[in-house]
Amino acid sequence: MTHIDAGAGLDPVHPVPIPVAGRAEGLTAAEVAERVARGEVNDVPVRSSRSIGEIVRANVFTRFNAIIGVLWLIMLAVAPFQDSLFGYVIIANTGIGIIQEWRAKKTLDSLAVIGEVKPTVRRDGEATEVSTSAIVLGDLIEIGPGDKVVVDGTCAEADGLEIDESLLTGEADPVVKHPGDEVMSGSFVVAGGGAFTATKVGREAYAAQLAEEASRFTLVQSELRTGISTILKYVTWMMIPTAIGLIISQLVVKQHGFKDSVARTVGGIVPMVPEGLVLLTSVAFAIGVVRLGRKQCLVQELPAIEGLARIDTVCLDKTGTLTEGGMDVTELRPLDGADEEYVRKVLGALGASDPRPNASLQAIIAAYPDSEEWRCTEALPFSSARKYSGAGFSEGDGESSTWLLGAPDVLLAEGDPALAETERLNEAGLRVLLLARTTKDLEDPGAKEAARPTALVVLEQRLRPDAAETLRYFAEQDVKAKVISGDNAVSVGAVADKLGLTGEVVDARRLPSDQDEMAKSLEKGTVFGRVTPQQKRDMVGALQSRGHTVAMTGDGVNDVLALKDADIGVSMGSGSEATRAVAQIVLLNNSFSTLPSVVGEGRRVIGNITRVATLFLVKTVYSVLLAVLVVCWQVEYPFLPRHLTLLSTLTIGIPAFFLALAPNKERAKPHFVRRVMRYSIPGGVVAGVATFVTYLIARHHYTGDGSLDAETSAATLTLFLISMWVLAIIARPYTWWRICLVASMGGAFLLVLVVPWLQHFFALKLVGTTMPWIAVLISVIAAAVLETLWRLVDRRVPA
């Protein structure tokens, strides 16, 4: 609370001189240039994405690329070009990954520039907006409600300034700041305004490293990527002993020459590596960022795409989310015979007393112009926790008065007649503020108890045109919506009802403080009013304690704590700087209707990667099993690298790329590793056993020169047909393009079998009719077993 006329040059709380006029005007242009030359600039790189170098390193220098690279160099030395094709495929895959992530980087960087809030600095006596990186040591930075403190400094001016430092210290209560007090970067203003002088900039600032880390484009901390890393770890441990055993057995057998033995050894090791799985996950995420970027949605952390797809509860702030920011005064109702003309003057003066009015006060300012005769002597800025603001005036005729403007149910005693009228207006979905005159000073704790109601100000909120449709979408997707607002519960309930969201309306002041009891109330209720900022945070925690994955949307400073604690925080682009700093997703176009696109993108990524992961890991399982069987039977490995390159391309590589980017509306399910492995293991075992049985029968069927090539061709036919059946299962439910995709892969393999030069290139030629038909029969039996096993898995092994 600030006294405006406390005396020339003196602050009312600390009787020390206010900074001299030259200092209050901020730095001069020459002083700024001098500091820039000295390097005293806030040069912390706030990055929204990885650098080009990091993208290249992340895609090129991987464990599996190293394994494949060594094997590729060996094959280039000892085998024909056809057996080295797998190396070129890896180069192409890596290139695709780099290009897609680079596109995502460009999208993120451009959106980050659009969404960046520029702090206001005072230079040469004028307020100017500059980028965060242009702030220099000694700059005088102006701050108001919702502004984030971007560098460390010392408070120079304070007008009821309250700063929340909970994100740094964990202390929930806002701290009142006076001139001379320290302000820390990473904190944010919850009430009042003022200015501070930058004392630490760049990497010296308290929260600089935290801010840089929090805003960095990242591909980590997601269940999907963590699950894939877990799978790859186990694959690596399986590969090592199997590959060693295969190398020894093939070099010992050596019946067909050293080079051929090496080629078949490499042919056994290469398919064990699910090299395209990580690539496809990165590509799917990156393309998701680009798609959402076109809809003006800034994804500050990539796993947020996945996270929002997993939510089962979304907490919505009413103001700015369900309603547009602006309001209109529709009615003024004087109470107890108050003079309406006098009330209009009071409201005009109250509007002029706040240098940073909120949406309600802006509507009042538009409706009631200020009377120049009135002079503000003291002011109390609005606070979300307090639910009211106030000001004292000298009215020009020698009279003075002190006024409060805020929530009627907070300022009025229970049973007051004005509350009944307020209730009726709230039921119609209108917002009501009470103007009350108090006989006590604003800083007096009993100011609101001494207030006498003077008038009701009725405001109409503008509903977002897209809100009802978006709420319907969440209902269809079985995502529960909870409206959590600081406004009157009845009023919020009426707004929700207009949007088609029905359910129990609860006044949050009656909610239990115990987390378990609060969670029970939250399960039953749908609309919650009179929620304090700390309660919003507690409510998110209570829902999470019941196993819910919670998204929180908001745009005001009172939403910051809840946004930070929610699994996914979503901020409006027009929201405060603090909300945008902590949110993982920022809707730059302020359109609530963008959320279904984000949910849909996440579901597409998770559902499709789960599908294609099964394809890749079936290949890994049958490759390891075939290698083990070859070692146990002491026979030549049945395939050359060119055969498995062909099979992988037609049954995994090309189909997986299309399936990974296809539309998918399935709700995301947890336990990614378990869900993938429960299909991959039986699928890989069936494919490996059936292929090896065909190979053993072919070894007895064919004799003489060229017998190994004939045996390989028969085994390749069996493995291809079973892999095609796996693909056909994964591609369900069928659409015209999925059927065309599967059919075209089958047609491509048939082309290889009938075109002579392709037969020669891939060393595939079916000899006779008996063995090929036996291979087909074994494939049909294996496909039937596979269908039965997967259906049993669905019923008996929970995901």
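Residues numbered from 1 in each chain as written. Predicted model: local features only at pLDDT ≥ 70, side-chain atom pairs only at ≥ 80, totals over all residues. Heavy atoms only, no water.

**Let's talk about the overall build of the protein chain**
Assigned secondary structure in the protein chain consists of 28 helices and 22 strands. Every one of the 799 residues in the protein chain was classed for burial, and the buried ones make up 57%. Contacts in the protein chain between residues at least 24 apart in sequence constitute 73% of all its contacts with a sequence separation of at least 6. Summed over all atoms, the accessible surface of the protein chain reaches about 32900 Å², with 58% contributed by carbon and sulfur. (Helix = DSSP H or I, 4+ residues; strand = E, 2+ residues; numbered from the N terminus. Buried < 20%, exposed > 50% of the residue type's maximum accessible area, 1.4 Å probe, protein only. Contact = heavy atoms within 4.5 Å. Areas by Shrake-Rupley, 256 points an atom, 1.4 Å probe, with all protein chains shown as cover.)

**Looking at the packing of helix α18 (residues 515-524) against helix α19 (residues 533-545)**
The geometry of a pair of packed helices is captured by two quantities: the angle between their axes and the separation between those axes. It is at 8 Å that the axes of α18 and α19 come closest, and there the two elements cross at 85°. For the element pair α18 / α19, the angle class is roughly perpendicular. Here Gln515, Met518, Ala519 and Leu522 of α18 come into contact with α19, specifically with Asp538, Met539, Gly541, Ala542, Leu543 and Ser545. (Axes fitted to C-alpha atoms, helices over the stretch in contact; angles between N-to-C directions. Parallel < 35°, antiparallel > 145°, perpendicular 65-115°, else oblique.)

**A look at the sheet that holds strand β10 (residues 313-316)**
The mixed open sheet is built from eight strands, whose spatial order is β9-β22-β21-β20-β10-β17-β19-β18. The open sheet terminates on both sides in strands that have one partner only, identified here as β9 (297-299) and β18 (504-507). Along the sheet, successive strands turn relative to each other by an average axial angle of 20°, direction set aside. The sheet contact formed by strand β20 (residues 550-554) and strand β21 (residues 568-572) spans four bridges and is parallel. When the bridges of β21 are listed, Ala551 appears paired with Ile568. (Pairing = 2+ DSSP bridges.)

**Here's the deal with the packing of aromatic side chains**
All told, the structure shown has 13 aromatic pairs when counted by the stated rule. Relative to Phe692, the ring of Trp633 has its centre 5.3 Å away and its plane inclined at 70°; by these criteria the two rings are edge-to-face. Taken together, the residues Trp633 in helix α22 (residues 595-633) and Phe692 in helix α24 (residues 672-701) connect sequence positions 59 residues apart. Members of the aromatic cluster, each reached through a chain of ring pairs, are Tyr342, Trp374, Phe393 and Trp403. Of note, Lys233 hangs over the ring of Tyr234, and the distance from its end group to the ring centre comes to 5.6 Å. (Phe/Tyr/Trp six-rings, centres within 6.5 Å; stacked < 30°, edge-to-face > 60°. Lys NZ or Arg CZ within 6 Å of the ring centre and 35° of its normal.)

**Describing the environment of Leu425**
One can find Leu425 in helix α15 (residues 417-427). Note: C-alpha distance between Leu425 and Ala494 (69 residues apart in sequence) is 9.9 Å.

**Concerning the state of the cysteines**
Throughout the structure, instances matching the rule amount to zero disulfides. Cys376 supplies the cysteine sulfur nearest to Cys155, a cysteine that is in no disulfide, at a spacing of 18 Å. Take Cys315: it sits in no disulfide, and the sulfur closest to it among the cysteines is that of Cys297, at 19 Å. We classify Cys315 as buried; its relative accessible area is 0%. (Disulfide = S-S within 2.5 Å.)

**Looking at unusual backbone geometry**
In this chain, Arg732 is followed by Pro733 through a cis amide linkage whose omega measures -5°. Along the chain, the position of Pro733 falls in the loop between α25 (707-730) and α26 (736-754). Positioned with a positive phi, Asp478 is a non-glycine residue whose angle comes to about 60°.

**Some points on the pairing of strand β3 (residues 126-129)**
Where strand β2 (residues 120-123) lies against β3, four bridges are found, and the strand directions are antiparallel. Within β3, the residue paired with Arg122 across the bridge is Ala127.

**Observations regarding a nonpolar patch on the surface**
On the surface, a nonpolar cluster with roughly 550 Å² of combined accessible area is contributed by Ile52, Val56, Val60, Phe61, Ile99 and Trp102. Elements with a contribution of two residues or more to the nonpolar patch: α3 (52-60) and α5 (85-115). Tallying contributions element by element places α3 first for the nonpolar patch, with three residues. Position of Val56 among the secondary structure elements: in helix α3. (Patch = residues over 30% accessible without salt bridge, like charges linked within 9 Å, V, L, I, M, F, W, Y side chains within 5 Å. Salt bridge = Lys/Arg side-chain N within 4 Å of Asp/Glu carboxyl O.)

**Considerations on the nonpolar core**
Counting 90 residues, the largest nonpolar core has Phe86, Ile609, Val612, Leu615, Phe672 and Phe749 as its most contacted members. Looking at which element gives the most residues to this core, the answer is α22, with 14 residues. Discounting chain neighbours no more than four positions away, the residues touching Phe672 are Glu223, Leu224, Gly227, Ile228, Ile231, Ile609, Thr610 and Ala613. Listed in part, the 38 residues of the second largest apolar core include Leu292, Cys297, Ala304 and Ala467. (Core = buried A, V, L, I, M, F, W, Y, C linked by side-chain atoms within 4.5 Å.)

**Things to note about the pattern of salt bridges**
Using the criterion set out here, one finds 29 salt bridges in the structure. Arg38 serves as the salt-bridge partner of Glu34, at 2.6 Å between the closest nitrogen and oxygen. Placement of the pair is Glu34 and Arg38 together in helix α2 (residues 29-38), with a separation of four residues, close to one helical turn. What makes Glu34 partly exposed here is its relative accessible area of 43%. Salt bridges sharing partners connect three or more residues here, namely Asp409, Asp507, Arg509, Arg510 and Arg530.

**Thoughts on the confidence of the model for the protein chain**
Taken residue by residue, the protein chain gives an average pLDDT of 83. The fraction at 70 or more is 90%. Element-level pLDDT for the protein chain is lowest in strand β1 (residues 2-3), with a mean of 44, against a maximum mean of 95 in α26. Scored below 50 in pLDDT, residues 1-23 makes 38 contacts in the model with residues more than four places away or belonging to other chains. Taken together, the stretch residues 210-220 has pLDDT below 50 and engages in 30 contacts with residues farther than four places along the chain or on a different chain. (pLDDT = per-residue confidence, 0-100.)

**A short note on the packing of α22 against helix α23 (residues 641-660)**
Where α22 contacts α23, the two axes come as close as 9 Å, and the packing angle between them is 170°. One finds that α22 runs roughly antiparallel with respect to α23. Across from Arg604, Asn608, Ile609, Val612, Leu615, Phe616 and Lys619 in α22, the residues of α23 making contact are Ser648, Thr651, Ile652, Ala656, Leu659 and Ala660. Here the residues of the contact of α22 with α23 are counted per class, giving eight nonpolar, three polar and two charged. (Nonpolar A, V, L, I, M, F, W, Y, C, P; charged D, E, K, R; others polar.)

**Section: the environment of Asn589**
Looking at the element boundaries, Asn589 is found in the loop between β22 (585-587) and α22. Along the primary structure Asn589 and Thr454 are separated by 135 residues, whereas in three dimensions their C-alpha atoms are 40 Å apart. Once residues lying within four places of it in the same chain are set aside, the contact partners of Asn589 are Lys295, Gln296 and Thr594.

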